[in-house]
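In case you want the letters, here they are:
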Amino acid sequence: MQKTLLALALMLPLSCFAAKASDTSKAEVASPFTAERNKAAGNLSTSLVVMQKMAKNCKIEQTEGLINSATKGYIERNKAYLGMHYGYVTAFLDYVKESAGADEAKKVSGELLKANNDQSNKIIEDMTKKDGPTQACQRYFTYLAAGEMDIKKGSPDFKTLNDMLNFANSQKAK
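Residues numbered from 1 in each chain as written. Predicted model: local features only at pLDDT ≥ 70, side-chain atom pairs only at ≥ 80, totals over all residues. Heavy atoms only, no water.

We now examine the nonpolar core. If you look at the biggest cluster of nonpolar residues, it comprises 35 residues, and the most contacted ones within it are Met 54, Tyr 74, Phe 141 and Leu 161. Among the secondary structure elements, those contributing two or more residues to this core are α3 (35–57), α4 (64–77), α5 (79–100), α6 (102–131), α7 (133–145) and α8 (158–173). Residues within four places of Phe 141 in sequence aside, it is in contact with Met 51, Met 54, Ala 55, Cys 58, Leu 66, Ile 67, Ala 70 and Thr 71. (Core = buried A, V, L, I, M, F, W, Y, C linked by side-chain atoms within 4.5 Å. Buried < 20%, exposed > 50% of the residue type's maximum accessible area, 1.4 Å probe, protein only. Helix = DSSP H or I, 4+ residues; strand = E, 2+ residues; numbered from the N terminus. Contact = heavy atoms within 4.5 Å.)

Laid out in structure tokens, this is it:
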């Protein structure tokens, strides 16, 4: 499961690369890589990295079962969005590779991984400063288990992520 989450979350936020991605030599083909989509995908990536790091670092005996069930539940409830996210990231890196070369794609991937790690480390630092490590772990996984962090109507980026999912599904149908 850790490898899957890492693969899903490796690469974003993409907002700093939106200009590159939205440039297209074919005027009739609109790029699916917009600033709004990149931001939403980046936020989801950061959330996934936070979840992975919290699961790894929260090794408090009484939360072990909670961590496992909360993480599995989140993945199951958000499976469609996570699959779309993986496809979006993969397609973006393929786009960079095709348009700018393998070296640039590797560089972009590394920059995105660093940005995700930096952002997730800051979020975790803020949570643990506020509540202390034990309480932060308990609170985080309790909220995760209850679906408070799910991608659903009313959550941050829901509209964009839902539009992205609909777009991905329409592309599969073609």
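Structure shown, so let's carry the discussion forward.
Time to look at the pattern of salt bridges. Summed over the entire model, instances satisfying the criterion amount to seven salt bridges. Close ionic contact of Asp 163 with Lys 159 constitutes a salt bridge, the shortest N to O distance being 2.9 Å. With Asp 163 and Lys 159 both in helix α8 and four residues apart, the pair spans about one turn of that helix. For Asp 163, a relative accessible area of 35% gives the class partly exposed. (Salt bridge = Lys/Arg side-chain N within 4 Å of Asp/Glu carboxyl O.)

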